[in-house]
Amino acid sequence: MLMVRVLFVCLGNICRSPIAQGVFEQLLEERGLSDQVSADSAGTAAYHIGELPDERTRANARSHGIELTHRARQVSAADLQAFDYVITMDKSNYDNVLKLYQTAGGKAKALLQMMRSFDVSPDDVDVPDPYYGGAEGFEHVYQIVRRSAERLIDYLVERHHLNPKQV
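Treat the numbers as computed from the prediction; the structure is a model and nothing was measured.

**Q** If you had to explain the packing of helix 2 (residues 55-63) against helix 5 (residues 135-160) to someone new, which residues and values would you point to?
**A** Any two packed helices are characterised by how steeply their axes cross, that is the angle between the axes, and by the distance between the axes. Here helix 2 crosses helix 5 at 55°, and the two axes come no closer than 10 Å. It follows that helix 2 is oblique to helix 5 by the angle criterion. Considering only the axes of helix 2 and helix 5, their crossing is right-handed. Of the residues in helix 5, those in contact with Arg 56, Thr 57 and Asn 60 of helix 2 are Phe 138, Glu 139 and Tyr 142. Classifying every residue of the contact of helix 2 with helix 5 gives two nonpolar, two polar and two charged.

Following this line, the structure appears as structure tokens:
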């Protein structure tokens, strides 16, 4: 069975990429695709390695029926070989991951894309970092990620000829 692997990346792996992973996994489950697509998340910085997502991120996720238990980790050059897609939350992290491609010595297989490239109504190229704001920023990020994840899954279904199972 084909297993498409997707890695979501932000800066610290405690706000945007964990909610992207959680939303994506929830949608995969709803669409009967969780046996064909898997997800993980990571950060480009090592600030929060081993920590749970930010409490505000977890609270927002819970309000949408998602429980986040992921522990923060830093993206590595090995991830570029292990995953089929690396989806970054903003241009800065896109550029940081691009530098990892250079250190991977031509062994990277992952396709690098930005999350908002799948957004049906992008008002920016970046998923904004809600860390220094209030609850409304976390909900805004959730809404962006939800729209984008829906279209990302549509893209994967079409590109990889995935077959949703009846749930």
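**Q** Please set out the pairing of strand 1 (residues 4-10) residue by residue, giving values where relevant.
**A** Across the seven residues that make up strand 1, a large majority, six, are buried. Across seven bridges, strand 1 lies against strand 2 (residues 37-43) in parallel orientation. When the sheet's bridge partners are listed, Cys 10 is paired in strand 2 with Gly 43. Read from strand 1 through helix 1 (residues 16-30) to strand 2, the crossover connection turns out right-handed.

**Q** How would you summarise the pattern of salt bridges if you had to cite specific residues and measurements?
**A** A pair can form between side chains of opposite charge whenever their charged atoms are brought close. This structure, assessed with the given rule, holds 18 salt bridges. Notably, a salt bridge pairs Glu 67 with Arg 62, separated by 3.8 Å at the nearest N-O pair. Judged by relative accessible area, Glu 67 falls into the exposed class, the value being 53%. We note a salt bridge from Asp 119 to Arg 147, for which the minimum N-O separation is 2.8 Å. Residue Asp 119 is found in the loop between strand 4 (111-114) and helix 5, and its partner Arg 147 is found in helix 5; the two are separated by 28 residues along the sequence. Of the residues examined, Asp 119 reaches a relative accessible area of 4% and is grouped as buried. Each of Glu 30, Arg 31, Arg 146, Glu 150 and Asp 154 takes part in one network of salt bridges that share partners.

**Q** So what about the packing of aromatic side chains? Which residues, and what values?
**A** Overall, the coordinates contain four aromatic pairs when judged by the stated rule. Measuring from centroid to centroid gives 4.8 Å for Tyr 131 and Tyr 132, while their planes differ by 90°, and the two rings are edge-to-face. A relative accessible area of 78% places Tyr 132 in the exposed class. Here a set of aromatic residues connected by ring pairs shows up, and it is made of Tyr 85, Phe 118 and Tyr 155. A cation over a ring is seen here: Arg 5 above Phe 83, with NZ or CZ 4.2 Å from the ring centre.

**Q** Just give me the short version of the sheet that holds strand 4, but keep the residues and values in it.
**A** If you walk across this open sheet you meet the four strands as 2-1-3-4, and the pairing is parallel. One side of each edge strand has no neighbouring strand; the edge strands of this open sheet are strand 2 and strand 4. The sheet shows a mean angle of 25° between the axes of neighbouring strands, taken without regard to direction. The sheet contact formed by strand 1 and strand 3 (residues 85-88) spans four bridges and is parallel. Of the residues in strand 3, the one forming a bridge with Phe 8 is Ile 87. On the sheet, helix 1 packs against strand 1 and strand 2 and is oriented at approximately 175° with respect to strand 2. Running over the sheet, helix 4 (residues 91-103) touches strand 1, strand 3 and strand 4 and is turned about 170° from strand 4.

Criteria and cut-off values
Residues numbered from 1 in each chain as written. Predicted model: local features only at pLDDT ≥ 70, side-chain atom pairs only at ≥ 80, totals over all residues. Heavy atoms only, no water. Axes fitted to C-alpha atoms, helices over the stretch in contact; angles between N-to-C directions. Helix = DSSP H or I, 4+ residues; strand = E, 2+ residues; numbered from the N terminus. Parallel < 35°, antiparallel > 145°, perpendicular 65-115°, else oblique. Left-handed = near helix turned anticlockwise from the far one by under 90°. Contact = heavy atoms within 4.5 Å. Nonpolar A, V, L, I, M, F, W, Y, C, P; charged D, E, K, R; others polar. Buried < 20%, exposed > 50% of the residue type's maximum accessible area, 1.4 Å probe, protein only. Pairing = 2+ DSSP bridges. Right-handed = clockwise from strand over helix to strand, strands pointing away. Salt bridge = Lys/Arg side-chain N within 4 Å of Asp/Glu carboxyl O. Phe/Tyr/Trp six-rings, centres within 6.5 Å; stacked < 30°, edge-to-face > 60°. Lys NZ or Arg CZ within 6 Å of the ring centre and 35° of its normal.

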